[in-house]
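Here's the letter readout for the chains.
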Amino acid sequence: MNETDALQAALAGEHAAMYGVGVAGGKLNGARFTAATALFGAHRDNRDHLSALIVAAGQTPVAAEPAYQLPQPVTNAATATALILSVERRIAAVYGDLVEAAEQAPVRLFAIDALQTAAGNQLAWGGAPVAFPGAVS
């Protein structure tokens, strides 16, 4: 996978992440709703940054799908939290691919930051610590 393909994959992942977090947010309240709202904004910022990187590379950014298939129905706060955790696991994998494929330092640094953020988000949403690929645990 080259850098442009990895950028497009990360952008597609951010589109899906925004959809999933948006759906989940509808079943949350209080501090969890506030956290989901902030997370949605962070994914939107990443989407916008990725789009700008793709345009700067002379490519057309991949468009968002009208809807995305969710891994399970979101019917309450527990399933909403599980969805957000799943979203963060998936986006971490996408950013791991971008770290590997990045050819330019600014792209690699952005991908590393996004990967670290996704790892932290997983912990915040109930996930267990997992070593990054290649890391000694």
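Look a little higher up for the structure.
Report on the accompanying structure.

Quick notes on the rules
- Residues numbered from 1 in each chain as written.
- Predicted model: local features only at pLDDT ≥ 70, side-chain atom pairs only at ≥ 80, totals over all residues.
- Heavy atoms only, no water.
- Helix = DSSP H or I, 4+ residues; strand = E, 2+ residues; numbered from the N terminus.
- Rg over C-alpha atoms; globule rule 2.2 N^0.38 Å.
- Buried < 20%, exposed > 50% of the residue type's maximum accessible area, 1.4 Å probe, protein only.
- Contact = heavy atoms within 4.5 Å.
- Areas by Shrake-Rupley, 256 points an atom, 1.4 Å probe, with all protein chains shown as cover.
- Lys, Arg positive; Asp, Glu negative; His and termini not counted.
- Charge placed at Lys NZ, Arg CZ, Asp CG, Glu CD.
- Core = buried A, V, L, I, M, F, W, Y, C linked by side-chain atoms within 4.5 Å.
- Expected span 1.5 Å × (residues − 1).
- Polar contact = N/O pair within 3.5 Å; in protein donor to acceptor, adjacent residues only side chain to side chain.
- Axes fitted to C-alpha atoms, helices over the stretch in contact; angles between N-to-C directions.
- Parallel < 35°, antiparallel > 145°, perpendicular 65-115°, else oblique.
- Left-handed = near helix turned anticlockwise from the far one by under 90°.
- Nonpolar A, V, L, I, M, F, W, Y, C, P; charged D, E, K, R; others polar.

## What about the overall build of the protein chain?
Within the protein chain, the regular secondary structure consists of 4 helices and 0 strands. Tracing the protein chain from N to C terminus, the helices and strands come up as α-α-α-α. Against the globule reference of 14 Å for 137 residues, the protein chain gives a C-alpha radius of gyration of 15 Å, in line with a compact fold. Referenced to the eigenvectors of the C-alpha coordinate spread, the extents of the protein chain come out at roughly 40 × 40 × 25 Å. With 137 residues in all, the protein chain has 38% of them scored as buried. For the protein chain, the share of sequence-separated contacts (at least 6 apart) that also reach a separation of at least 24 residues comes to 74%. If you sum the accessible surface of the protein chain, you get close to 7400 Å²; carbon and sulfur atoms cover 58% of it. Charged side chains of the protein chain number 7 positive and 11 negative; the gap between the two group centres comes to 13 Å.

## Digging into the nonpolar core
Note that soluble globular proteins tend to have their nonpolar side chains buried in a common cluster. L7, A10, L50, Y95, L98 and V107 are the most contacted members of the largest nonpolar core, which has 19 residues in total. Listed by contribution, the elements that provide at least two residues to this core are α1 (3-25), α2 (30-56), α3 (77-101) and α4 (105-124). Not counting residues within four places of it along the chain, the set of residues in contact with V107 comprises E3, L7, L53, L98 and A102. Counting 12 residues, the second largest nonpolar core, distinct from the first, contains L28, V74, L83 and I84.

## Focus on α3
Across its 25 residues, α3 extends 36 Å between first and last C-alpha, which sits within 8% of the 36 Å expected from 1.5 Å per residue. The N-cap residue of α3 is N76: its side-chain oxygen and the backbone nitrogen of A78 are 3.1 Å apart.

## Looking at the side chain of N121
In this structure, N121 sits in helix α4. In contact with N121, not counting residues within four places along its chain, are L39 and E88.

## With respect to the environment of I54
For I54, the location among the structural elements is in helix α2. Exposure remark for I54: the relative accessible area of 0% places this residue in the buried category. As a C-alpha pair, I54 and E3 span 51 residues in sequence and 9.6 Å in three-dimensional space. In this structure, I54 is in contact with L7, Q8, L11, Q59, T60 and P61, ignoring residues within four places of it in sequence.

## Notes on the side chain of H43
You can see H43 is positioned in helix α2. Among the polar contacts made by the side chain of H43, one reaches the side chain of E14 at a distance of 2.4 Å. Beyond its immediate stretch of four places on either side in the chain, H43 contacts E14, A17, M18, V21, E88 and I91.

## Section: the packing of α2 against α4
Relative to each other, α2 and α4 sit at 165°, their axes nearing to 12 Å. Viewed along their axes, α2 and α4 adopt a mutual orientation that is roughly antiparallel. Of the two elements, α2 crosses α4, and the hand of that crossing is left-handed. Only V107, F110, A114, N121 and A124 of α4 make contact with α2, whose side of the interface consists of R32, L39, N46, H49, L50 and L53. Class assignment for the residues of the contact of α2 with α4 results in 7 nonpolar, 3 polar and 1 charged.

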